[in-house]
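# Structure assessment
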Amino acid sequence: MARVDSAETGQDDADGRDTGSGTWRAAVRRAVRAASRPEPWKRGPVLAALALLLGLFMLLHAEIPNRIGNLGSLAETFLPWFGLFVPVLLAGALWRRSASATVALLVPVLVWLNLFGGLLGDKSRPGGGFVVASHNVGAGNPDPVRTARDLAASGANVLALEELPQEATATYEKELARAYPHHTVQGTVGLWSKLPLSDTRPVDIQTDAGPLGAAKSAEAKMPGNRALRTTVATDHGPLAVYVAHLGSARVNPRAGFWTAHRDRNAKALGQAIATERSERVVLLGDLNGTMGDRAFDGITSRMRSAQEEAGDGFGFTWPAAFPMVRIDQILVRGVQPRAAWILPATGSDHLPVAAEITW
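Read on for a plain summary of the structure. If you're wondering where the values come from, they're calculated on a predicted model, not measured in any experiment. (Residues numbered from 1 in each chain as written. Predicted model: local features only at pLDDT ≥ 70, side-chain atom pairs only at ≥ 80, totals over all residues. Heavy atoms only, no water.)

## A short note on the overall build of the protein chain
Across its full length, the protein chain carries 15 helices and 14 strands. Computed over the C-alpha atoms, the radius of gyration of the protein chain is 27 Å, more than 25% above the 21 Å expected from 2.2 N^0.38 for a compact globule of 359 residues. For the C-alpha atoms alone, the extent of the protein chain along its principal axes is close to 100 × 50 × 40 Å. Evaluated residue by residue, the protein chain yields a buried proportion of 45% over its 359 residues. Once local pairs closer than 6 in sequence are excluded, the contacts in the protein chain between residues at least 24 apart make up 69%. (Helix = DSSP H or I, 4+ residues; strand = E, 2+ residues; numbered from the N terminus. Rg over C-alpha atoms; globule rule 2.2 N^0.38 Å. Buried < 20%, exposed > 50% of the residue type's maximum accessible area, 1.4 Å probe, protein only. Contact = heavy atoms within 4.5 Å.)

Structure follows, in structure tokens:
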């Protein structure tokens, strides 16, 4: 009768001892023998090359030029999603039983974790107490009354609204008046506050550029104004708050990733923040871009993302039905974010954002 090796079967031996650990040792030995053969390393060279290229693409994304269709900015906008290629390539490597492709996949995995691993998990901390919130309410929002009431229920100390349509501004003012006795509206952006405001003014982010724009008076520009600056009188001293709605970004076959207006707005906003004298500054708004996009270097070099420092995950905000990017931002300088989160959806195509800060 043939002898059955209990180490191979994982069954109890004659003394009744469990030899399951022997099964694992045998499996490891088989895997080592299989990996030591040259065939698994020769299989899947294309998959291995694709894995290495994916890792290099993510690692060197800053070197991708913007000269053709703003490809660099486009890649940086959706960079986190390139990690989805890893399981696809892994499935191919396992199907091909390719050891070389499986090992090569370590490169994009490590690069992705280095870039975005810090965003995974909840980084919020107890404390704070001063809550700021921002929402692009959407010009086509079918129910501004409910949107205003939902935002008021958030309990935020200050609330920034962007893309305020003229026909709905009075509705927001009425619905938010009880919770926020102080507010300012400058064109299509506004700030509602539980505390007094002062030194309020529009911020020129060059929405009207060129000779025609320069010929317009401040009064003529006001209906289309998209940025403001004000000071909130908090118990801890003055807090400078900026609200901005930068130009849109579009993807089309002819222009590629078209961001001309947005990039011009971002540069002007960065210059305004650079001259801000207040030590404590918060920027709220729909910036129509992710903070990994090089177009925002003038802003991110001076301010920090509340979501990146104190949020839970990526905090994607657009489109509201299936968020894929975070283009609604809360950035700070001179204060410490303690928590950052996404508020429930409203009638807008953006999700509201909020953060708790302290100083």
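## Some words on the sheet that holds strand 7 (residues 237-245)
Ordered by their spatial adjacency, 6 strands build an open sheet running 5-6-7-10-12-11, and the pairing between neighbours is mixed. In this open sheet, the two edge strands, each paired with only one partner strand, are strand 5 (197-202) and strand 11 (304-305). Bridging between strand 7 and strand 10 (residues 281-286) involves 6 bridges; their strand directions are parallel. Directly across from Val243, in strand 10, lies its bridge partner Leu284. Each of strand 7, strand 10 and strand 12 (328-333) is contacted by helix 13 (residues 260-274), which is oriented at about 170° to strand 7, the strand it contacts most. (Pairing = 2+ DSSP bridges. Axes fitted to C-alpha atoms, helices over the stretch in contact; angles between N-to-C directions.)

## Comments concerning the nonpolar core
Most often, soluble globular proteins keep nonpolar side chains buried together rather than apart. Core analysis: the biggest nonpolar cluster contains 21 residues, and Val132, Leu191, Leu239, Val282, Leu284, Ile330 and Ile357 have the highest contact counts within it. Among the secondary structure elements, those contributing two or more residues to this core are strand 1 (130-136), strand 2 (158-162), strand 4 (189-193), strand 6 (227-234), strand 7, strand 10, strand 12 and strand 14 (353-358). Non-local contacts of Leu239, meaning those with residues more than four positions away in its chain, are made with Phe130, Thr230, Thr231, Val232, Thr234, Arg280, Val281, Val282, Val335, Ile357 and Trp359. Of all hydrophobic cores here, the second largest spans 20 residues; its members include Ile205, Ile273, Val281 and Leu283. (Core = buried A, V, L, I, M, F, W, Y, C linked by side-chain atoms within 4.5 Å.)

## With respect to the packing of helix 4 (residues 45-59) against helix 8 (residues 106-116)
Running from amino to carboxyl end, helix 4 crosses helix 8 at an angle of 20°, the nearest separation of the two axes being 7 Å. Between helix 4 and helix 8, the crossing angle belongs to the class labelled roughly parallel. In the packing of helix 4 onto helix 8, the handedness of the crossing is left-handed. Contacts between helix 4 and helix 8 involve Ala51, Leu52, Leu54, Gly55, Met58 and Leu59 from the former and Val107, Pro108, Val111, Trp112 and Leu115 from the latter. Partitioned by chemical class, the residues of the contact of helix 4 with helix 8 number 10 nonpolar, 1 polar and no charged. (Parallel < 35°, antiparallel > 145°, perpendicular 65-115°, else oblique. Left-handed = near helix turned anticlockwise from the far one by under 90°. Nonpolar A, V, L, I, M, F, W, Y, C, P; charged D, E, K, R; others polar.)

## Description of the packing of helix 9 (residues 144-152) against helix 10 (residues 166-176)
When two helices pack together, their arrangement is given by the angle between the helix axes and by the axis-to-axis distance. Close contact between helix 9 and helix 10 brings their axes to 9 Å; oriented N to C, the two are set at 35°. Relative to helix 10, the crossing made by helix 9 is right-handed. Along its contact with helix 9, which presents Pro144, Val145, Thr147, Ala148, Arg149 and Ala152, the element helix 10 presents Ala168, Thr171, Tyr172, Glu175 and Leu176. Among the residues making up the contact of helix 9 with helix 10, the classes are represented as 7 nonpolar, 2 polar and 2 charged.

## A word on a nonpolar patch on the surface
On the surface, a cluster of nonpolar side chains totalling about 570 Å² of accessible area is made up of Val46, Leu50, Leu53, Leu56, Leu59 and Leu60. The residue Leu60 is located in the loop between helix 4 and helix 5 (71-77) in this model. Among the residues examined, Leu60 registers a relative accessible area of 43% and is labelled partly exposed. (Patch = residues over 30% accessible without salt bridge, like charges linked within 9 Å, V, L, I, M, F, W, Y side chains within 5 Å. Areas by Shrake-Rupley, 256 points an atom, 1.4 Å probe, with all protein chains shown as cover. Salt bridge = Lys/Arg side-chain N within 4 Å of Asp/Glu carboxyl O.)

## A word on the pairing of strand 14
Counting buried residues along strand 14, 5 of its 6 residues qualify, which places the element largely inside the surrounding structure. Bridging between strand 1 and strand 14 involves 5 bridges; their strand directions are antiparallel. Residue pairing across strands places Val132 opposite Ala355, the latter belonging to strand 14.

## Quick notes on the side chain of Ser98
Topologically, Ser98 is positioned in the loop between helix 6 (85-96) and helix 7 (99-104). Judged by relative accessible area, Ser98 falls into the buried class, the value being 1%. Among the polar contacts made by the side chain of Ser98, one reaches the side chain of Ser100 at a distance of 3.1 Å. A polar contact of 3.1 Å, which involves the side chain of Ser98, links it to the backbone nitrogen of Ala101. (Polar contact = N/O pair within 3.5 Å; in protein donor to acceptor, adjacent residues only side chain to side chain.)

## Brief notes about the packing of aromatic side chains
On inspection of all chains with the given rule, the structure shows 8 aromatic pairs. The interplanar angle of 35° and the centroid separation of 6.0 Å between the aromatic rings of Phe82 and Phe85 together place this pair among those described as tilted. Judged by relative accessible area, Phe85 falls into the partly exposed class, the value being 43%. Geometrically, the ring pair formed by Phe314 and Phe316 is stacked, given 5.2 Å between the ring centres and 20° between the ring planes. One aromatic cluster is present, formed by Trp81, Trp112, Phe116, Phe314 and Phe316 through successive ring pairs. (Phe/Tyr/Trp six-rings, centres within 6.5 Å; stacked < 30°, edge-to-face > 60°.)

## Overview of helix 10
For an α-helix, the turn length of 3.6 residues means that residues three or four places apart are oriented alike. Among all positions of helix 10, only Ala168, Thr169, Tyr172, Glu175 and Leu176 are buried. Projection of helix 10 onto a plane perpendicular to its axis shows the buried side chains occupying an angular sector of 140°, all on one side. The exposed set on the far side of helix 10, more than 90 degrees from its buried face, consists of Gln166, Glu167, Ala170 and Lys174. Buried-residue contacts for helix 10 involve helix 9, strand 2, strand 3 (182-186) and strand 4. (Arc of directions from axis to C-beta.)

## With respect to the sheet that holds strand 1
Backbone hydrogen bonds hold the strands of a sheet together, and the pairing may be parallel or antiparallel. Strand order in this open sheet of 6 strands is 3-4-2-1-14-13, and the pairing throughout is mixed. Whereas interior strands pair on both sides, the edge strands pair on one side only; in this sheet they are strand 3 and strand 13 (336-342). Strand after strand, the sheet turns through a mean of 15° between neighbouring axes, direction not considered. Two elements, strand 1 and strand 2, share 5 bridges in a ladder whose sense is parallel. Following the sheet pairing, Val132 is matched in strand 2 by Val158.

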